[in-house]
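# Topology and contacts: notes
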Amino acid sequence: MSILDLAPVVPVVVIDRVETAVPLARALVAGGLPAIEVTLRTPCALEAIARIAAEVPDAVIGAGTVRTPADVTASAEAGARFLVSPGGTPALLEAMLGSGVPFLPGASTASEVMALAERGLTELKFFPAVPAGGIPYLKALAGPLPEVRFCPTGGIRPETAAEFLALPNVGCVGGTWLTPADALATGDYARVEKLAAEAAALRPSSRP
Ligand code: 3PG
């Protein structure tokens, strides 16, 4: 199954304290969002991925902010089941293709999308989604590049997610709003679960 079809929303998670990884993953899964992207932006990110992989079997744990071939190797070794990158350099793409792990490379221009499509990559992260042009931009890309589907991420909020999800070239959206820093700091996983449940319900009924 495609990464884009696992859930309507992929929580983009920044974990500062590794102890929060498992309870927050359980809360997201309980709310209906099994695909979770832990960003490699904090020192404990790989350990967080490993713990979630080991202890939350219903989660599909992924690594985000994957920027280098070393990130690819470390993420796969930690147990990441998918990889997400803000872009797609030649070296990174080689490493991702060689890893055997499903991945979403990032693109935000027509030429970047075309370069990735030339390599057979037609499921991409659209980043940074709102600053790069948001919904009108995605609609414009669908004309000449209808075979490419996206996970837009960057600037998407609960109020705008449904409008993104209604686009034919959007499979899912990503965002950090599911795991507010204050909820993680206070251990308010019930709030995380509630936010996840609201996001899981966003998929318009016209889509599978
Ligand atoms: C990302 O890290 O992929 C995005 O920057 C998340 O953006 P958001 O914080 O606007 O959801």
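The structure displayed is predicted, hence computed values, not measured ones.

Criteria and thresholds
- Residues numbered from 1 in each chain as written.
- Predicted model: local features only at pLDDT ≥ 70, side-chain atom pairs only at ≥ 80, totals over all residues.
- Heavy atoms only, no water.
- Pairing = 2+ DSSP bridges.
- Helix = DSSP H or I, 4+ residues; strand = E, 2+ residues; numbered from the N terminus.
- Salt bridge = Lys/Arg side-chain N within 4 Å of Asp/Glu carboxyl O.
- Buried < 20%, exposed > 50% of the residue type's maximum accessible area, 1.4 Å probe, protein only.
- Near = heavy atom within 4 Å.
- Polar contact = N/O pair within 3.5 Å; in protein donor to acceptor, adjacent residues only side chain to side chain.
- Nonpolar A, V, L, I, M, F, W, Y, C, P; charged D, E, K, R; others polar.
- Contact = heavy atoms within 4.5 Å.
- Core = buried A, V, L, I, M, F, W, Y, C linked by side-chain atoms within 4.5 Å.

### Describing the sheet that holds strand β1 (residues 9–13)
- Read from one edge to the other, the open sheet built from six strands follows the order β5-β4-β3-β2-β1-β9, with strand pairing classed as parallel. The sheet is open, and its two edges are formed by β5 (103–104) and β9 (173–175), each paired on a single side.
- In terms of strand pairing, strand β2 (residues 35–39) meets strand β3 (residues 60–64) through five bridges, oriented parallel. Across the sheet, residue T39 finds its bridge partner in β3, namely G64.

### Quick word on the pattern of salt bridges
- Considering all chains together, one arrives at six salt bridges under this definition.
- One salt bridge in this structure joins D5 and R149, with 3.1 Å as the shortest N-O distance. Of this pair, D5 sits in the segment before β1 while R149 sits in strand β8 (residues 149–152), and the two are 144 residues apart along the sequence.
- Residue classification places R149 among the buried positions, given a relative accessible area of 19%.
- Two residues, R119 and E94, come together in a salt bridge whose shortest N-O distance is 2.5 Å. Taken as a pair, R119 in the loop between α5 (110–118) and β7 (123–126) and E94 in helix α4 (residues 90–99) lie far apart in primary sequence, 25 residues in all.
- Residue class for E94 comes out partly exposed when judged on its relative accessible area of 46%.

### Points about the site of the ligand
- Neighbouring the ligand are the residues V12, R41, K125, F127, T153, G154, G155, R157, G175 and T176.
- A distance of 3.4 Å separates an oxygen atom of the ligand from a polar side-chain atom of R157.
- Of the residues belonging to the shell around the ligand, the class tally is two nonpolar, five polar and three charged.

### Quick word on the environment of V38
- Relative to the elements of secondary structure, V38 occurs in strand β2.
- Look at V38 and you get buried, because its relative accessible area is 0%.
- The sequence separation of V38 and A25 amounts to 13 residues, and the corresponding C-alpha distance is 9.9 Å.
- Discounting residues that sit within four places of it in the chain, V38 has contacts with V13, I15, A45, A48, I49, I52, I61, G62, A63 and G64.

### Regarding the nonpolar core
- Of all hydrophobic cores here, the largest spans 64 residues; its most connected members are V38, L83 and V173.
- The greatest single-element share of this core, amounting to six residues, is contributed by helix α1 (residues 21–31).
- Setting aside residues no more than four positions away along its own chain, L83 makes contact with A63, V66, V72, S75, M96, S99, V101, P102, F103 and L104.
- In this structure, V10, V84, L104 and C151 belong to the second largest nonpolar core, which totals ten residues.

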